[in-house]
Amino acid sequence: GDSVTQMEGPVTLSEEAFLTINCTYTATGYPSLFWYVQYPGEGLQLLLKATKADDKGSNKGFEATYRKETTSFHLEKGSVQVSDSAVYFCALSELTNAGKSTFGDGTTLTVKP
Amino acid sequence: DTGVSQDPRHKITKRGQNVTFRCDPISEHNRLYWYRQTLGQGPEFLTYFQNEAQLEKSRLLSDRFSAERPKGSFSTLEIQRTEQGDSAMYLCASSFGPNTEAFFGQGTRLTVV
């Protein structure tokens, strides 16, 4: 079946550091790829998405590129802030049922001032 | 648009009791999804509805679990004869059609003691 593997955490960075969270996937067919963020005490929020190869999703300074050849969707941000501290989930879904997703186990990011 | 609403936010119950959770999706969203999230893991798909029809159930959804969406609006998830292993966060999400991503509620945290 489909699966998502995320870089293990937790990740601790200083403010303004560069962030990369690795995500690779296994899927039959041609999935859509997502990054969700979960702030403390809150629900999952969609951060960005990409639906086809070489698409780059971006939002709030975060970016991820859909790499079909390496089955990856790594999350990056050039300069993190304390407010970016959260749990980040990589996920995939079928193109025809975008709400039914397979999630990775999440990566906890802590940004220190 | 008030987002996806879940009630209650927290529930503590004794083993063997029945519990019911409610989810109110974003209005006009015809798809509704239930997920379960245990500590340190990503959400796992349980079931989904299109309008009032339950279209898919995960093998994770044992016979003690039942979900309904009687009028195609709100949904309920009932767990009968709760077990300690049912302790988790139960997430609801909704989407407008099959090709759009889902929006998540804040979840109901269940603790079985």
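Structure first, text after, so check above.
Residues numbered from 1 in each chain as written. Chains lettered and ligands numbered in written order. Predicted model: local features only at pLDDT ≥ 70, side-chain atom pairs only at ≥ 80, totals over all residues. Heavy atoms only, no water.

Caption draft 1: View of the packing of aromatic side chains. Applying the stated criterion to the full structure yields 15 aromatic pairs over all chains. On the basis of an interplanar angle of 40° and a centroid distance of 5.6 Å, the ring pair of F62 of chain A and Y88 of chain A is categorised as tilted. Of this pair, F62 of chain A sits in strand β8 (residues 62–65) while Y88 of chain A sits in strand β10 (residues 86–94); the two residues are 26 residues apart in sequence, bridging distant segments of the chain. Y88 of chain A matches F62 of chain A in its accessibility class, with the two residues each being buried. Ring centres 6.2 Å apart and planes at 50° place the aromatic pair F45 of chain B and Y48 of chain B in the tilted group. Comparing F45 of chain B with Y48 of chain B, the two get one shared label, buried. Each residue in the set F34, Y36, F89 and F103 of chain A together with Y33, Y35, F45, Y48 and F104 of chain B is aromatic and connected to the rest through ring pairs, giving one cluster. For K100 of chain A, the ring lying beneath its charged end belongs to F45 of chain B, and the centroid distance is 5.1 Å. The cationic tip of R22 of chain B hangs over the ring face of F74 of chain B; the distance from NZ or CZ to the ring centre is 3.9 Å. (Phe/Tyr/Trp six-rings, centres within 6.5 Å; stacked < 30°, edge-to-face > 60°. Helix = DSSP H or I, 4+ residues; strand = E, 2+ residues; numbered from the N terminus. Buried < 20%, exposed > 50% of the residue type's maximum accessible area, 1.4 Å probe, protein only. Lys NZ or Arg CZ within 6 Å of the ring centre and 35° of its normal.)

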